[in-house]
Amino acid sequence: MARVVVDVMLKPEILDPQGQAIAGACPRLGFEGIGQVRQGKRFEVEVEGEVDDARLADVRRLAETLLANTVIEDFEVRVEA
């Protein structure tokens, strides 16, 4: 089994109220020097067999159709060692 990771983040131009709330709470909790926080999602997809270009393409298609809302989110697909 191999693990493919899909990281999904809001596009930079999309407002991130959860990230803003976290950034605003940091100084109150004693965390200084935190400028901006963006929240996202991480999916770990375990695939059977070798991860080749065709398998990565399948996971990209999965991310594009199910895991990410591509209108407001970007995603990255990578194989985890």
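These remarks concern the structure in this document. (Residues numbered from 1 in each chain as written. Predicted model: local features only at pLDDT ≥ 70, side-chain atom pairs only at ≥ 80, totals over all residues. Heavy atoms only, no water.)

**Structural notes on the pairing of strand E1 (residues 2-10)**
In plain terms, the rule: The criterion for strand pairing is that DSSP finds at least two bridges linking the strands in question. In this description a helix means any DSSP run of H or I spanning at least four residues, a strand means any run of E spanning at least two, and both kinds are numbered starting from the N terminus.
Two strands pair when backbone bridges link them, and E1 and strand E2 (residues 40-47) are joined in this way by eight bridges, in the antiparallel orientation. Residue Arg 3 lies in a different strand from E2, and its bridge partner there is Glu 46.

**Here we look at the sheet that holds strand E3 (residues 73-80)**
The test is simple: Note on method: axes are straight lines fitted to C-alpha atoms, helices fitted across the in-contact stretch only, with angles between N-to-C directions ranging 0 to 180 degrees.
Here we have three strands laid out as an open sheet, ordered E2-E1-E3, and antiparallel in their pairing. The open sheet has two edge strands, E2 and E3, and neither has a second partner. Neighbour-to-neighbour, the strand axes of the sheet open up by a mean angle of 20 degrees, direction not taken into account. Pairing of E1 with E3 involves eight bridges; the strand directions are antiparallel.

**Focus: the nonpolar core**
Quick note on the threshold: Remark: nonpolar core denotes a set of buried residues (Ala, Val, Leu, Ile, Met, Phe, Trp, Tyr, Cys) joined through side-chain atoms within 4.5 Å. Type-normalised accessible area, obtained with a 1.4 Å probe on protein chains alone, sets the label of each residue: buried when under 20%, exposed when over 50%, and partly exposed for intermediate values. Contacts are assigned to residue pairs that have any heavy atoms within 4.5 Å of one another.
Residues Val 4, Val 6, Val 47, Val 51, Leu 56, Val 59 and Val 77 are the most contacted members of the largest nonpolar core, which totals 13 residues. Listing elements by their share of this core, those giving two or more residues are E1, E2 and helix H2 (53-67). The residues contacting Val 51, other than those within four sequence positions of it, are Ala 2, Val 4, Leu 56 and Val 79.

**Overview of the side chain of Asp 16**
Put simply, the test is: In this tally, Asp and Glu contribute negative charge and Lys and Arg positive charge; neither His nor the terminal groups of the chain are included. Salt bridges are defined as contacts in which a side-chain nitrogen from Lys or Arg sits within 4 Å of a carboxyl oxygen from Asp or Glu. By the criterion applied in these results, polar contacts are pairs of N or O atoms within 3.5 Å in which, for protein atoms, one can donate a hydrogen and the other can accept it, and in which residues neighboring in sequence qualify only through two side-chain atoms.
Looking at the element boundaries, Asp 16 is found in the loop between E1 and helix H1 (17-28). Despite its burial, Asp 16 pairs with no opposite charge; the closest candidate is Arg 38, at 4.2 Å N-O. At 3.0 Å, the side chain of Asp 16 forms a polar contact with the backbone nitrogen of Gly 19. Here Asp 16 is in contact with Leu 10, Val 37, Arg 38 and Gln 39, once residues within four sequence places are set aside.

**A word on H2**
We apply this condition: Between the first and last residue of a helix there are one fewer steps than residues, each counted as 1.5 Å, and that sum is the expected span. Arc definition: directions from the helix axis to the C-beta atoms.
Between its first and last C-alpha, H2 extends 19 Å over 15 residues, near the 21 Å set by a 1.5 Å rise per residue. The complete set of buried residues in H2 reads Leu 56, Val 59, Ala 63 and Leu 67. Here the buried residues of H2 occupy an arc of 60 degrees about the axis, which is enough to place them on one side. Exposed residues pointing more than 90 degrees away from the buried face of H2 are listed as Asp 53, Ala 54, Arg 61 and Thr 65. Buried positions along H2 lie against E1, E2 and E3.

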